[in-house]
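Understanding the architecture of this molecule
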Amino acid sequence: MTRLRAAVCAIVLASVSASVAHAQSAPEAEPAQVMILGSFHFANPGRDIVKVEVADVLSDAKQAEILAVVETLARFRPTKIVIEHRPSTASRIDSLYAAYRAGRHELSRNESQQLGFRLAARFEHPRLYPIDEFADSPFEAMLAYAEEHDPAFLVFFEEEMARIAAESNRRQRDHTIGEILRLGNDPKNLMADHAVYLRFARVGAGDTFIGAEVAAKWYERNIRIFANLQRITEPGDRLLVIYGTGHVPILRELVTYEPGMTLVDPLEYLP
């Protein structure tokens, strides 16, 4: 090695060492605390595959149960409330939220308002954060393929949908809203429901991979949602993310591997 090359190498190594030392000595940003709260859809819009008979959340009894949930969730002291609406609806949500705070809007049945608006107003947040996204899925094409090539999957799928619907209806009949949310966020129940999405991947494996495409689109949608969550997150935030329970396993996994976020268990903040 020539003297010139040796000198250049020494300068480069010194620069790298200084950069590493600076990075090690620089204070780390406080990670954001992120609670992913899986929820059934209070308004029961009928867009989910599983159809559930949801109790009237505007009844006096259910309103008392919702207020009990709000009280326990408030212990988390969220700095931002994140909801399952598309970012394009932000101005409409801002307007409704402002009207609610001014006493000019009665809360709708939606969990974003029943839980989200109440908590945001309690902590005087200026707004809520919609982060939902969609990804086109060949779901019907998968069912058509299975009808011809994989009838066993159709039997499995119909049985699982019936099981989930029966369990969801039982919860609505026998439990308070707080208890339903606890059951929905229990890791064992989340795993059982998420396994259905993973079973899609086997449909057409080795041929069209149509089921894998459906599963991939489900992951793509949730990764897009997570990207929106990353975009609004700042160091030190305490984010309460109110989302449909089906999204929870993927969103929690993504939060777990994000260095700037720390996952918070909602079971510690539910009645």
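Details of the structure are given in the entry above.
Here the residue index of a chain counts from 1 through its sequence in written order. Local features are withheld for residues below a pLDDT of 70 in this predicted model, meaning they are given only at 70 or higher, and side-chain atom pairs are given and counted only at 80 or more; totals for whole chains, interfaces and linings count all residues. With hydrogens and water excluded, all non-hydrogen atoms of the structure serve as input to the side-chain values.

Take the sheet that holds strand β2 (residues 80–83) next. Spatially, the 5 strands line up as an open sheet ordered β3-β2-β4-β1-β5, and their pairing is parallel. The sheet is open, and its two borders are formed by β3 (129–130) and β5 (261–264), each paired with just one other strand. In this scheme, strands are said to pair when DSSP sees at least two bridges between them. Labels follow the DSSP assignment, with helices taken as runs of H or I lasting at least four residues and strands as runs of E lasting at least two, numbered in each case from the N terminus. Bridge count for strand β1 (residues 32–39) against strand β4 (residues 238–244) is 7 bridges, and the pairing is parallel. Its bridge partner lying in β4, Gly-38 is registered against Tyr-243. On top of the sheet, helix α10 (residues 248–256) reaches β1, β4 and β5; it is set at about 170° to β1, its chief contact. The criterion used for residue contact is that any of the two residues' heavy atoms lie within 4.5 Å. In this analysis an axis means a line fitted to C-alpha atoms, helices contributing only their contacting stretch, and an angle means the value between N-to-C directions, from 0 to 180 degrees.

What follows concerns unusual backbone geometry. Excluding glycine, most residues fall at negative phi; most peptide bonds, likewise, are trans. We note that Glu-124 has phi near 55°; this positive angle belongs to a residue other than glycine. Here Glu-124 is to be found in the loop between α4 (111–122) and β3. Taking relative accessible area as the criterion, Glu-124 reaches 61% and is therefore assigned exposed. Buried residues are those whose accessible area, probed at 1.4 Å on protein chains only, stays under 20% of the maximum for their type, while exposed residues exceed 50% and partly exposed ones sit between those limits.

The next thing to look at is the packing of helix α6 (residues 151–174) against helix α7 (residues 177–184). It is the contact of α6 with α7, at a shortest axis distance of 8 Å, that shows an interaxial angle of 150°. Considered as vectors, α6 and α7 are oriented roughly antiparallel to each other. When you trace α6 past α7, the crossing you get is right-handed. Counting all contacts with α6, which are made through Arg-171, Gln-172 and Asp-174, the residues of α7 involved are Glu-179, Ile-180, Leu-183 and Gly-184. Angles are sorted into four bins: roughly parallel if under 35 degrees, roughly antiparallel if over 145, roughly perpendicular if 65 to 115, and oblique for all others. Crossing handedness follows the turn of the near helix against the far one: under a right angle anticlockwise gives a left-handed crossing, and clockwise gives a right-handed one.

Right, let's talk about the side chain of Ser-39 for a bit. Mapping Ser-39 onto the fold places it in strand β1. With sequence-adjacent residues up to four places away left out, Ser-39 is seen in contact with Glu-111, Leu-181, Ile-242, Tyr-243, Gly-244 and Thr-245.

Next up on the list: the packing of helix α9 (residues 210–232) against α10. Contact geometry for α9 and α10: axes closest at 10 Å, N-to-C directions at 50°. The orientation of α9 relative to α10 falls into the category oblique. Like other packed secondary-structure pairs, α9 and α10 cross with a definite hand, here right-handed. Residues Trp-218, Tyr-219, Asn-222, Ile-223, Ile-225, Phe-226 and Leu-229 of α9 form the contact with α10, whose own contacting residues are Ile-250, Leu-251, Leu-254 and Val-255. Side-chain classes are defined by residue name, with Ala, Val, Leu, Ile, Met, Phe, Trp, Tyr, Cys and Pro counting as nonpolar, Asp, Glu, Lys and Arg as charged, and the others, Gly among them, as polar. Tallied by class, residues from the contact of α9 with α10 come to 10 nonpolar, 1 polar and no charged.

Taken as a class, soluble globular proteins show a tendency for nonpolar side chains to be buried jointly. Here, nonpolar core means buried Ala, Val, Leu, Ile, Met, Phe, Trp, Tyr and Cys residues that are tied together by side-chain atoms lying within 4.5 Å of each other. Formed by 31 residues in total, the largest nonpolar core has its most connected members in Leu-73, Ile-81, Leu-115, Ile-177 and Leu-240. Listing elements by their share of this core, those giving two or more residues are β1, α2 (60–73), β2, α3 (90–101), α4, α7 and β4. Ignoring sequence-local partners within four residues, the contact set of Ile-81 consists of Gly-116, Leu-119, Ala-120, His-125, Leu-128, Tyr-129, Leu-240 and Ile-242. Counting residues in hydrophobic clusters, the runner-up holds 18 residues, among them Val-34, Leu-190, Val-248 and Met-261.

Everything listed is a geometric property; what it means functionally is a separate question.
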